[in-house]
Amino acid sequence: MQRALISALRLTRPRTPISARRRASVGAARAPEIQVRALAGADKGITEILMKRPHACNALGNVFVSELLEALAQLRDDQQIRVLLFRSGVKGVFCAGADLKEREQMNEAEVGVCTQRLRGLMNEIASSAVMGLIETTRGLFPGAGGTQRLPRCLGVALAKELIFTGRRLSGAQAQALGLVNHAVAQNEEGNAAYHRARELAQEILPQAPIAVRLSKVAIDRGMEVDIASGMAIEGICYAQNIPTRDRLEGMAAFREKRPPRFVGE
């Protein structure tokens, strides 16, 4: 279903006036706003998505979202990828949120399409890196999933407070609330968070990829339903992992007291 949703979103294009304005603003030979890089050596299996829209602080514009959805669609079935990192190529910023300057030029129908695409993008990457839902301070509604994801992360009362006030959170505050897993002191290069994310990726990399993937599915799907249904989803995922070579390798490695060599099969 998610794949069908993403395909539908990719096929839904803005009407001609938006395209014309976009071409006028970025020019015929614009640089890609999304770049994909597969790491090598000890980091083989880690792939980075580099977001590079410096003039707009990586704001989620039409071109940016289209390129990101396309990259995700191409990477989704690549069995060589074990960990995917989102990295900003703009110093001092990860993502500025929706492109309000671009949205201001849209009519109501185009805004609806844009919001639908952003909601689909958030469904795909499930990112909690945004440090504030400030839409109400701009007369807007957090319609890309914010009213549904934030209560699930923090509870209804706190989510209402943050959305109603449009409050911005520091990294330390977000970590204290459980909105982000880690908060790190910034370095001179402005990429301290990237280095921490890469360290975490290196921890995930040697683990059994199918077991990791199925665990992600079980957690994500299980959070959407009641506990009994969640247990059923877990059982389905567990059964899919039973016949894998990696499970047998893990048991053999434990018995032989050696590190496992998982192959993703």
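Heads up: these notes are all about the structure in this document. All figures in this text were calculated on a predicted structure; none of them were measured in a lab.

**Topic: a nonpolar patch on the surface**
A surface patch of nonpolar side chains, amounting to about 180 Å² of accessible area, comprises Leu200, Ile204 and Val212. Here Leu200 is to be found in helix 9 (residues 192-204).

**Observations regarding the pattern of salt bridges**
Counted according to the given criterion, the structure contains 11 salt bridges. The network of salt bridges with shared partners includes Glu33, Arg53 and Asp99.

**Side note on the packing of helix 10 (residues 209-222) against helix 11 (residues 227-241)**
In contact at an axis separation of 9 Å, helix 10 and helix 11 are set at 165° when each is read in the N-to-C sense. Between helix 10 and helix 11, the angle falls in the class roughly antiparallel. Considering only the axes of helix 10 and helix 11, their crossing is right-handed. Along its contact with helix 10, which presents Ile210, Ala211, Leu214, Val217, Ala218, Arg221 and Gly222, the element helix 11 presents Gly230, Ile233, Glu234, Cys237, Gln240 and Asn241.

**Considerations on the sheet that holds strand 1 (residues 34-38)**
With respect to topology, three strands assemble into an open sheet ordered 1-2-3, the strand pairing being mixed. Of all the strands in the sheet, just strand 1 and strand 3 (83-88) have a single pairing partner and so form its edges. For this sheet, the mean angle separating the axes of adjacent strands, direction not counted, is 20°. Pairing between strand 2 (residues 46-51) and strand 3: six bridges, direction parallel. From the neighbouring strand, Leu50 faces strand 3, where its bridge partner is Arg87. Across the sheet, helix 3 (residues 62-75) touches strand 1, strand 2 and strand 3, and the angle it forms with strand 1 is around 25°. Each of strand 1, strand 2 and strand 3 touches helix 9; the most contacted strand, strand 3, lies at about 175° to it.

Scoring rules and cut-offs
- Residues numbered from 1 in each chain as written.
- Predicted model: local features only at pLDDT ≥ 70, side-chain atom pairs only at ≥ 80, totals over all residues.
- Heavy atoms only, no water.
- Patch = residues over 30% accessible without salt bridge, like charges linked within 9 Å, V, L, I, M, F, W, Y side chains within 5 Å.
- Areas by Shrake-Rupley, 256 points an atom, 1.4 Å probe, with all protein chains shown as cover.
- Salt bridge = Lys/Arg side-chain N within 4 Å of Asp/Glu carboxyl O.
- Helix = DSSP H or I, 4+ residues; strand = E, 2+ residues; numbered from the N terminus.
- Axes fitted to C-alpha atoms, helices over the stretch in contact; angles between N-to-C directions.
- Parallel < 35°, antiparallel > 145°, perpendicular 65-115°, else oblique.
- Left-handed = near helix turned anticlockwise from the far one by under 90°.
- Contact = heavy atoms within 4.5 Å.
- Pairing = 2+ DSSP bridges.

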